[in-house]
Amino acid sequence: MNDLQPGLPQLIIILGYLAILLLLGLSSSLLFKGTKKDFQVASHSIGPFFLLMSLFGTTMTAFALVGSSGEAFKEGIGVYGMLASSSGIIHSLCFFVIGVKVWKIARNNGYTTQIEFFRDRLDNDFIGLLLFPILVGLVIPYLLIGVMASGTVIQSLTAGLSPEWFEATKPDGTIIKALNGGVPPYLGSLMVCIVVLVYVFFGGMRGTTWANTLQTMVFMVLGLVTFVVIAMKLGGTESLFENLKVLGESIPDDKATRSEMSKTKFFTYLLIPLSVGMFPHLFQHWMTAKSSSSFKVPVICHPLFIMIVWVPCVLVGVWATGDTINIPPTLSPNALLPFLVKKLTSPILAGFLAAGILAAIMSSLDSQFLCIGTMFTNDIVTHYKGKENVSDRQTVLYTRSFIIGIVAVTYVLSLFDPKSVFALGVWCFSGFSALFPIVLAALYWRGLSAMGAIAGVLAAIASWSYMFYQALQSDTLRTYVLDLPIGEETYDVMPVVGMLGSSLIAMVVVSLITPKPKPETLAKFFPAQ
Amino acid sequence: MTGSSKAASKGVWIISGLVVLLLILHQDNWNWESDTLVFGFMPIGLFWHACISLGASLTWALATFIAWPFGDDGQAFQENNQQEAGK
């Protein structure tokens, strides 16, 4: 196999993996019942195991494998506490406090999207029109990141395949050696978009759930295998444990501790995972659950799964800062894992790792495409045409058409190569977190009024826009923090604190002074115990 | 308030307390600058937070026993689904 054209084994494995996904999606369509409920929420038939795998796969993007090792390489071991253990606590909290309750209400009232829930709960149509562009606008950069990352991963791991056809050059015409000959991003992204489109189009939510389950297993197993292989190569002894010790001792002090990390930034990062409570694609996955008890396994296992994926990746990232390997100083942190795999392992493992990274990317993309298609259909078309005027068959047709449209738009946007979109990740998450008080209050506070919710959404988006503008002006999109002066000290806090705080205050104050929803509406959402 | 809802309410308080405890332990300022390697290979800051992940998992496991808000409602909804499909 090593005599083959460089990049070819990787390409064969990637194509094989994409073919398996297509088969899986098409097989799931054999069970399709032709109804709206079956296409959008798999007829609420998903049990605990599939729910766990699909929720975990949807929340973990390529960042879980590539970004975690890259960030650890840059910042040290503190990224695990900042991004992973915090998510382990908060994501499950959201599944428990928001997911289970919203599932019950939505099942009783037939909702599939968040907007259907908010419109009914607040007795207000405008809240839907307000939330729709915000939710779609916050998901689209997230989609773009996935589509663009898939093209980049395929290109870097198939480099050398065909330097004549796929020349990779810088704007000044010099060859980029690490990428030259690799499948170009426009082609790699197109392959991924088509595969996801096919299995979402034919399989709907069932196809998405099956594919997510397979993809979650693939990236978890491949992450662990990569960790062991890299440890054995870098450590240089026969024993895994001895190698771990050698590598542990090689980590420089500033990466083995958090001496360079702000404590207040670390603390306020805890608010970012609250975004999970308002992700529209996660809401739709919650609706697939067979019963409220189906949530038990995901609630328990989610923090463990995060640990299984993140701890090895963070260790690999900090090992790379030691003296056991030379990392080129120009290497981008996000390219660290592909670099180590290419340098230290075989083309076969590199091909499988590419499949693992693509699995992590696609397991989020599919849910997001399906969710946006569902929102366009249910919250705009069906809502304004009237439910009675749209048949199940038409609903499925509209959802599929919107999915094709959104895949096409995302792919075309990705061709403009808006690299700055990568810096938007944490801003999108912060935007969703800023909306968290609205969903929490809608479920647990009878006093929430429509005007209060609208004020909260407007305050969230106004504060988001203001801080985003400030960050753009100062060219600090990735590093922007708020300065919080207390006494003579000034502390760094994440911008999400300001966004969430303003949304919460506006929502509570306006709710207290404006009329509450009608008693019959409240009775529907807060039945007497 | 019935006996079972009283127990569930007590369970919610216990789980709330444990979550707050996890959030406090998450801000482990005492490990901030320690370069101790646990088992000879794992930086203590990483090991501590891996334990927080385990603690979170155990807390949520306990929540499913003592603070779960609903009984098993799947059967009722499945029957409802079948009735709808039969119409």
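Worth saying up front: this structure is predicted, and the values here are computed from it rather than measured.

All names here are of chain A. Where helix 8 (residues 185-235) contacts helix 9 (residues 240-250), the two axes come as close as 9 Å, and the packing angle between them is 70°. One finds that helix 8 runs roughly perpendicular with respect to helix 9. Counted together, F227, V228, A231, M232, L234 and G235 of helix 8 and L240, N243, L244, V246 and L247 of helix 9 form the full contact between these two elements. Looking at side-chain class alone, the contact of helix 8 with helix 9 contains 9 nonpolar, 2 polar and no charged residues.

Once that is clear, we can look at the UniProt feature "transmembrane region" (unreviewed entry) in chain B. According to UniProt, the positions carrying the feature "transmembrane region" (unreviewed entry) are residues 7-26 and 46-68 of chain B. With 91% helix and 0% strand, residues 46-68 of chain B has its two end C-alpha atoms placed 31 Å apart.

Our focus in this paragraph is the pairing of strand 2 (residues 489-493) of chain A. Residue and element names in this part refer to chain A. Bridging between strand 1 (residues 482-486) and strand 2 involves 5 bridges; their strand directions are antiparallel. Its bridge partner lying in strand 2, I486 is registered against E489. From the end of strand 1 to the start of strand 2, which pair antiparallel, there are 2 residues, and G487 there has a positive phi angle of about 60°.

A word on the interface of chain A and chain B. If you look at the interface, chain A gives 51 residues, while chain B gives 43 residues. Across the chain A/chain B interface, buried area totals approximately 4200 Å², and carbon plus sulfur atoms make up 70% of it. Contact with chain B buries area across many residues of chain A, yet I89, F96 and R258 of chain A alone supply 17% of it, more than any other trio. D28 of chain B is paired through a salt bridge with R258 of chain A; the nearest N and O atoms lie 2.7 Å apart. Inspection of the chain A/chain B interface yields 10 residue pairs in polar contact (both at pLDDT 80 or more). At the level of elements, helix 5 (78-109), helix 9, helix 10 (253-256), helix 11 (263-268) and helix 13 (296-319) of chain A are the ones that each hand at least two residues to the side of chain A that touches chain B. No other element matches the 16 residues that helix 5 of chain A contributes to the side of chain A that touches chain B. For the side of chain A that touches chain B, the residue count by class is 25 nonpolar, 15 polar and 11 charged.

Scanning the entire structure with this criterion turns up 28 aromatic pairs over all chains. A ring pair is formed by W427 of chain A and F468 of chain A, whose centres lie 5.3 Å apart and whose planes are at 80°; its orientation type is edge-to-face. Taken as a pair, W427 of chain A in helix 17 (residues 425-434) and F468 of chain A in helix 19 (residues 450-473) lie far apart in primary sequence, 41 residues in all. Within the aromatic cluster, the residues linked to one another by ring pairs are Y111, F117, F118 and F525 of chain A. Seen from the ring of W32 of chain B, R258 of chain A lies directly overhead, with NZ or CZ sitting 4.5 Å from the centre. Cation over ring: R400 of chain A sits above F201 of chain A, and NZ or CZ is 4.8 Å from the ring centre.

Reading the values: the criteria
- Residues numbered from 1 in each chain as written.
- Chains lettered and ligands numbered in written order.
- Predicted model: local features only at pLDDT ≥ 70, side-chain atom pairs only at ≥ 80, totals over all residues.
- Heavy atoms only, no water.
- Axes fitted to C-alpha atoms, helices over the stretch in contact; angles between N-to-C directions.
- Helix = DSSP H or I, 4+ residues; strand = E, 2+ residues; numbered from the N terminus.
- Parallel < 35°, antiparallel > 145°, perpendicular 65-115°, else oblique.
- Contact = heavy atoms within 4.5 Å.
- Nonpolar A, V, L, I, M, F, W, Y, C, P; charged D, E, K, R; others polar.
- UniProt positions renumbered as here; feature names shortened; annotations may be inferred.
- Pairing = 2+ DSSP bridges.
- Buried area = accessible area lost by both parts, 1.4 Å probe.
- Salt bridge = Lys/Arg side-chain N within 4 Å of Asp/Glu carboxyl O.
- Polar contact = N/O pair within 3.5 Å; in protein donor to acceptor, adjacent residues only side chain to side chain.
- Phe/Tyr/Trp six-rings, centres within 6.5 Å; stacked < 30°, edge-to-face > 60°.
- Lys NZ or Arg CZ within 6 Å of the ring centre and 35° of its normal.

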